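# Chains, contacts and geometry: an overview
The residues making up each chain are set out below.
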Amino acid sequence: RAYQREGLGWLAFLGEIGFGGCLADDMGLGKTVQVLAHLLARRKHAQQRPALIVVPRSLLFNWQREAARFAPKLRVLDFAGPQRWKELGVGEDASASELAAAFAPHDLVLTTYGTLRRDIAKLCELRFDVAVLDEAQAIKNAESQSAKAARLLVADQRLALSGTPIENHLDELWSLFEFLN
């Protein structure tokens, strides 16, 4: 759709100038598809690091399904759940270089806010191409553990996706932009 192409162009523009961005739109209008298209476009420019997508556990399957449907060329890793380290082939005590090597074959690493909080000490040692927070209102409280962990992520571009970037007061938007910038 035309508005999705405009959104994709905007995400690309933000990436070119080194800015993060908040894609705030109603549910079902294609935020996920726009981000997947953005990641595919970045892959064409020889980006070597994977993207990290942080989602509520309830949306993990949706992202896997949408990636398989709309971006089947993206190599997706599900890095959530109690077996994540074993499935990745490294231990929780892996060095940053070992972890980077284990993530390297993947274009897209999907994880949950809970996993982000538990594993931030390791994840913050890595550099991602793009870090995306889906349902980014999950970090609306700047003092929450999720918000603090998200701010520690290192990425060339940061994106926040939300249907409700402000639920109660303006400080919630401040927390999102603290992550983005």
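Residues numbered from 1 in each chain as written. Predicted model: local features only at pLDDT ≥ 70, side-chain atom pairs only at ≥ 80, totals over all residues. Heavy atoms only, no water.

Oppositely charged side chains are able to pair whenever their charged atoms sit close together. Within the structure shown, the criterion is met by 9 salt bridges. Across the pair E66 and R65 runs a salt bridge whose closest N-O atoms are separated by 3.9 Å. Taking the relative accessible area as the measure of exposure, E66 reaches 13% and is therefore buried. Three or more residues joined by partner-sharing salt bridges are found here, namely R43, R75 and D107. (Salt bridge = Lys/Arg side-chain N within 4 Å of Asp/Glu carboxyl O. Buried < 20%, exposed > 50% of the residue type's maximum accessible area, 1.4 Å probe, protein only.)

Moving on to helix α7 (residues 145–152). Within α7, burial applies to S146, A147, A149 and A150. With its buried residues spanning 165 degrees around the axis, α7 presents them on a single face. Looking at the buried side of α7, the elements it contacts are α6 (113–123), β5 (127–133), β6 (154–162) and α8 (171–180). (Helix = DSSP H or I, 4+ residues; strand = E, 2+ residues; numbered from the N terminus. Arc of directions from axis to C-beta. Contact = heavy atoms within 4.5 Å.)

Before going further, it helps to examine the sheet that holds strand β4 (residues 108–112). Ordered in space as β1-β6-β5-β2-β4-β3, the 6 strands form an open sheet in which the pairing is parallel. Because the sheet does not close on itself, it has two edges, and the strands there are β1 (21–24) and β3 (76–78). On average, adjacent strands in this sheet sit at an angle of 20 degrees to one another, irrespective of strand direction. (Pairing = 2+ DSSP bridges. Axes fitted to C-alpha atoms, helices over the stretch in contact; angles between N-to-C directions.)

This paragraph deals with the side chain of S162. On the secondary structure map, S162 appears in strand β6. We classify S162 as buried; its relative accessible area is 0%. Polar side-chain contacts of S162 include one of 2.8 Å to the side chain of Q137. Once residues lying within four places of it in the same chain are set aside, the contact partners of S162 are L23, A24, D25, K31, A136 and Q137. (Polar contact = N/O pair within 3.5 Å; in protein donor to acceptor, adjacent residues only side chain to side chain.)

Before going further, it helps to examine α6. In terms of burial, α6 is a largely internal element, 8 of the 11 residues being buried. Of the positions making up α6, those classed as buried are Y113, G114, T115, L116, D119, I120, K122 and L123. Those residues of α6 that are buried are in contact with β2 (51–55), α4 (84–88), α5 (96–103), β4, β5 and α7.

Here we come to the environment of P56. Tracing the sequence through the fold places P56 in the loop between β2 and α3 (60–70). Take P56: its relative accessible area is 23%, and that puts it in the partly exposed class. Residues P56 and Y113, 57 residues apart in the sequence, show an inter-C-alpha distance of 6.0 Å. When near neighbours in sequence (up to four residues on either side) are disregarded, P56 contacts Y113, D134 and E135.

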